[in-house]
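So you can see what is in the structure, the chains are spelled out below.
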Amino acid sequence: MVSGRLFALAASIIAPVQDAAFDPVGGYRIAAYRGVVPGPPPGVPQIDAAGVAALGDRALLIDVVPAEGGVRDPATGAWRLARPAVSIPHAHWFPEAGRGMPDPAIERWFLDGVRTLAARHPRAPIIVFCLADCWMSWNAALRLRRAGYTQVRWFAEGSDGWRDLGRSLVPVAPYRASVRRR
């Protein structure tokens, strides 16, 4: 009896811990998106606010801040926002694209949109960001890396770090494929 209890105790200590905040298959964060992110996603280098500023408009900026209270019409792709949003100048906003398990239509819209933008700027590094301490940019950067983009950079401080650098944020609307930017 004692050896059975010891075995059960040892197994509970040795067994890998499943974190419910992560998808066990894809490894994406699926809950509690606001929190300290310990490091960049696998295969994606991190860039800081000064590095983003130094790139200027030579980078493709991808903002994945969620549209809190916003709703996307699945038929048209148009967003109805609960409040205005701001981002880094020249950023392309893909709300909800940083979810660990996004709606398939949003994931398709995100990947198609980034493909379109990257084709217009084939040598530009792709800088993915959200807010500071937000797993959504981590997820989105990993998703792009897995989609084959090799020039992805993760901007952990996001628009918060940009603002903290003394840089301005400007009004932004969700990405529309028909709208040419830059």
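The structure we're discussing is the one just above.
Our subject in this report is the structure included herewith. Just so you know, these numbers come straight off a predicted model, no measurement behind them. Residue positions within a chain follow its written sequence, with the count starting from 1. Per-residue local features are limited, in this predicted model, to residues with pLDDT of at least 70; the limit for side-chain atom pairs, both in listing and counting, is 80 or more; totals at the level of whole chains, interfaces and linings are taken over all residues. Side-chain measures were taken over the full set of non-hydrogen atoms in the model, leaving aside hydrogen atoms and water.

As a further point, take the side chain of Arg29. Topologically, Arg29 is positioned in the loop between α1 (2–14) and α2 (49–55). Relative accessible area decides the class of each residue, using a 1.4 Å probe on protein chains only: under 20% of the type maximum gives buried, over 50% gives exposed, and in between gives partly exposed. Charged residues are defined narrowly, with Lys and Arg counted positive, Asp and Glu counted negative, and His plus the chain ends left uncounted. Each salt bridge in this description consists of a side-chain nitrogen of Lys or Arg and a carboxyl oxygen of Asp or Glu lying within 4 Å of one another. Among buried charged residues, Arg29 stands out as having no salt bridge; its nearest opposite-charge side chain is Asp19, 5.2 Å away. One polar contact links the side chain of Arg29 to the main-chain carbonyl oxygen of Ala32, over a distance of 3.0 Å. Only heavy atoms matter for contacts: two residues are in contact if any of them lie within 4.5 Å across the pair. Sequence-distant contacts of Arg29, that is, excluding residues within four places in its chain, are made with Ala21, Phe22, Arg99, Gly100, Trp135 and Asn139. Numbering of helices and strands runs from the N terminus, with a helix taken as a DSSP run of H or I at least four residues long and a strand as a DSSP run of E at least two residues long. Pairs of N or O atoms within 3.5 Å make up the polar contacts considered here, provided that, within protein, one atom can donate a hydrogen while the other can accept it, and that residues adjacent in sequence are counted only when both atoms are side-chain atoms.

Strand pairing follows a simple DSSP-based rule, namely that at least 2 bridges must link the two strands. Strands sit in the order β5-β1-β6-β7 across an open sheet of 4 strands; the sheet is parallel. On the outer flanks of this sheet lie β5 (92–93) and β7 (152–155), each paired with one strand and no other. Inter-axis angles, ranging from 0 to 180 degrees, are taken between N-to-C directions of lines fitted to C-alpha atoms, where helices are fitted over the stretch in contact. Strand contacts of helix α3 (residues 104–120): β1 (60–63), β5 and β6 (126–129), with the helix running at about 165° to β1, the strand carrying the most contacts.

On to the nonpolar core, then. The nonpolar core is taken to be a set of buried Ala, Val, Leu, Ile, Met, Phe, Trp, Tyr and Cys residues, with the residues joined through side-chain atoms within 4.5 Å. Membership of the largest hydrophobic core comes to 38 residues, with the highest contact counts inside it found for Ile62, Phe94, Phe110 and Ile126. Looking at this core, the elements with two or more residues in it are β1, α3, β6, α4 (135–146) and β7. Among the elements that take part in this core, α4 stands out by supplying 7 residues, more than any other. Setting aside its immediate chain neighbours within four residues, Phe94 contacts Ile62, Asp63, Val64, Trp109, Phe110, Gly113, Val114, Leu117 and Tyr175. If you look at the next biggest cluster of nonpolar residues, it comprises 13 residues, including Ile47, Ala91, Ile127 and Phe129.

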